[in-house]
Amino acid sequence: MSAASCLLTEDQFLCSICLNVFTDPVSTPCGHNFCKACITQHWDINVPYQCPNCKKLFHTRPELLVNTFISEMAAQFRQSAQQKASSSSSEQHVFKPAEVPCDACNGTRLKALKSCLVCLASYCETHLEPHLTRAGLKKHQLIDPVENLEGRMCVKHDKLLELFCQTDQVCVCMLCTVLDHKTHDFVLLKEEYEGKKAELGKTEAEIQQMIQKRRLKVQEMNRSVELSKEGADREIADGVQVFTALKESVERSQAELIDTIKEKQRETEEQAEGFIKELEQEISELTKRSSEVEQLSRSEDQLHLLQSFTSLNAAPPTKNWTEVRVRPPSYEGTVVRAVTQLEETLSKQMKKLLEVELKRVQQYEVEVTLDPDTAYPRLILSDDGKQVKDSDVRKNLPDNPKRFDYCACVLAKQSFSSGIFYYEVQVKGKTGWTLGVARESINRKGNITLSPQKGNWMIWLRKENEYSACADPPVRLSLKSQPEKLGVLVDYEEGLVSFYDVDAAALIYSFTGCRFKEKLYPYFSPCNYKGGKNSLIISPVNHTE
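Because the structure is predicted, anything quoted here is derived from the model rather than measured.

**What about the sheet that holds strand 19 (residues 475-477)?**
Okay, step 1: Strand order in the open sheet formed by 6 strands is 14-23-16-17-18-19, and the pairing between neighbours is antiparallel. Of all the strands in the sheet, the pair left with one neighbour each is strand 14 (410-411) and strand 19.
Okay, step 2: Bridge count between strand 16 (residues 433-439) and strand 17 (residues 456-461): 6 bridges; the pairing is antiparallel. Bridge pairing in strand 17 places Ala438 opposite Asn456.

This is the structure we're talking about:
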């Protein structure tokens, strides 16, 4: 038997249905051999009955005969194949839990290299060989090994899912197309797969683009944090430097004050010590004379007393101390003068700080031009939109929702809803003006109430040298000099509106803690007609070192 088996090829021991070594082989009337379970299941599904090999038709279900010879040869061949597989297992990989095992292996199951969509089985290197060598099996569709191949079969018809129903968006078998999806549109799985894969590729590209944008946004935010930290470190360093200088100035002024007071006290003490020394010297001499006088007065020698009296009677030379005084020094005004001097020093340092701050603020300069559609009809705007003045003639202009119809004011064309912006306006020689920013929804018809509660943040000049911040209530501003050029700074996120005297490098006033929720527009009012000499001029920032 062993010799006979050697004359037979490996293909002769394989069932043409399951492609495995025969199990309980039976023969059909046409002489072909199959596993009993394979041919029985095949004929349970397919009617009329037909031989899978030669396609011979049988009108009635044929009787299957057990093929004893093939059964014995298949058993022997299976044993030989198992020994061969066992001997070569060192060269092949035993499957691991995360891998797909070979369905044809008995005993130790090896890792599958491919799965067959026709056989619905996965094969290791040894059991895959027939699919690579036999002409009929080469036509089978092989894929990378996957589990649950039964899931690729139609649950209802037990047929391979080969088509895609575009109407219901599901995978179907051939029977589904004529039974359950009769009027639907179908394409091959491969065609739909390629289309969906293209869509996935596009989606993946879009997702990668979104990821890239967000990574760039992360980089942008990290850079913002870095810049913020650099700015914070710079501000801290500048602040420490400034306050260290202020502290040194205060300590120096304090030391000078103490030295001045101590010097006066020292001079007073030295004067008193000189007087006391002279007085003690005179006291010593007078004490000596008193002792001599007392001793002579006790003498009973008449001649000696008379002879010595003349020399003792003359008083020793002494100073008239009646008008001599040690007067404590006056310290009145000493501390005040020291503090005044310190204030002057601090004022100079403050001016330097404001000059530095103003230069930094000026870096946020923006382009600002006047919007004629918002201008009160009596206002005259320059062609470049940089100047505005009042006149005594009310122009006949179309009324629109944007135009102010009662107050002599105009807004800029530009609006701002984030960040920091700064601009400068020349007010030299004017006796009245109002400047600041207003929110987009500010009332433009009738009289306007100027206050942050009404959506505007302004300062104004009404009478000569009468400046006010339009808060609620208004804040009277005391300025050392009349500004000739005003700078306006707005930090939208910080809720800050500040006004500067540009030439004096002085901060005039700041609105803080503002809550901006709308667009902000620069606001200009040259006030009432003054012979035409009342222009407000938006001027470029002079960036000087």
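**So, the environment of Cys176**
Okay, step 1: Structurally, Cys176 can be placed in helix 6 (residues 174-178).
Okay, step 2: Its relative accessible area of 6% is what places Cys176 among the buried residues.
Okay, step 3: Between the C-alpha atom of Cys176 and that of Glu251, which follows or precedes it by 75 residues, the distance is 98 Å.
Okay, step 4: Apart from residues lying up to four places away in sequence, Cys176 is in contact with Cys154, His157, His181 and Lys182.

**Digging into the packing of helix 7 (residues 189-297) against helix 9 (residues 334-361)**
Okay, step 1: Relative to each other, helix 7 and helix 9 sit at 165°, their axes nearing to 10 Å. What the angle tells us is that helix 7 and helix 9 run roughly antiparallel. Here helix 7 and helix 9 pass one another in a crossing that is right-handed. Judged by residue contacts, Glu235, Asp238, Val242, Ala245, Leu246, Ser249, Val250, Ser253, Leu257, Thr260, Ile261 and Lys264 of helix 7 engage Thr334, Val335, Ala338, Leu342, Thr345, Leu346, Gln349, Leu353 and Arg360 from helix 9.
Okay, step 2: For the contact of helix 7 with helix 9, the class distribution of residues is 11 nonpolar, 6 polar and 4 charged.

**Comments concerning the side chain of Ser539**
Okay, step 1: Mapping Ser539 onto the fold places it in strand 24 (residues 536-539).
Okay, step 2: In contact with Ser539, not counting residues within four places along its chain, are Glu424, Val425, Gln426 and Lys485.

**A look at the layout of surface pockets**
Okay, step 1: Counted as a void, the largest pocket has a volume near 1,200 Å³.
Okay, step 2: Sorting the residues of the lining of the largest pocket by element identifies helix 2 (36-45), strand 3 (49-50), strand 7 (121-123), helix 5 (135-138) and helix 6 as the ones contributing at least two each.
Okay, step 3: Counting residues per element, the lining of the largest pocket draws most heavily on helix 2, at 6 residues.
Okay, step 4: When the residues that make up the lining of the largest pocket are grouped by side-chain class, the tally is 25 nonpolar, 9 polar and 7 charged.
Okay, step 5: If you add up the space inside the second largest pocket, you get close to 850 Å³.
Okay, step 6: What lines the second largest pocket is a set of 26 residues, among which Glu235, Leu353, Val356, Glu357 and Arg360 lie closest to the centre.

What counts and what doesn't
- Residues numbered from 1 in each chain as written.
- Predicted model: local features only at pLDDT ≥ 70, side-chain atom pairs only at ≥ 80, totals over all residues.
- Heavy atoms only, no water.
- Pairing = 2+ DSSP bridges.
- Helix = DSSP H or I, 4+ residues; strand = E, 2+ residues; numbered from the N terminus.
- Buried < 20%, exposed > 50% of the residue type's maximum accessible area, 1.4 Å probe, protein only.
- Contact = heavy atoms within 4.5 Å.
- Axes fitted to C-alpha atoms, helices over the stretch in contact; angles between N-to-C directions.
- Parallel < 35°, antiparallel > 145°, perpendicular 65-115°, else oblique.
- Left-handed = near helix turned anticlockwise from the far one by under 90°.
- Nonpolar A, V, L, I, M, F, W, Y, C, P; charged D, E, K, R; others polar.
- 1 Å grid on protein atoms, 1.4 Å probe; cavity = no way out; pocket = protein on both sides within 12 Å on 5 of 7 lines; lining within 4 Å.
- Points joined across faces, edges and corners; volume = space filled by probe spheres on them.

So, to be careful, I would describe these as geometric facts and stop short of saying anything about function.
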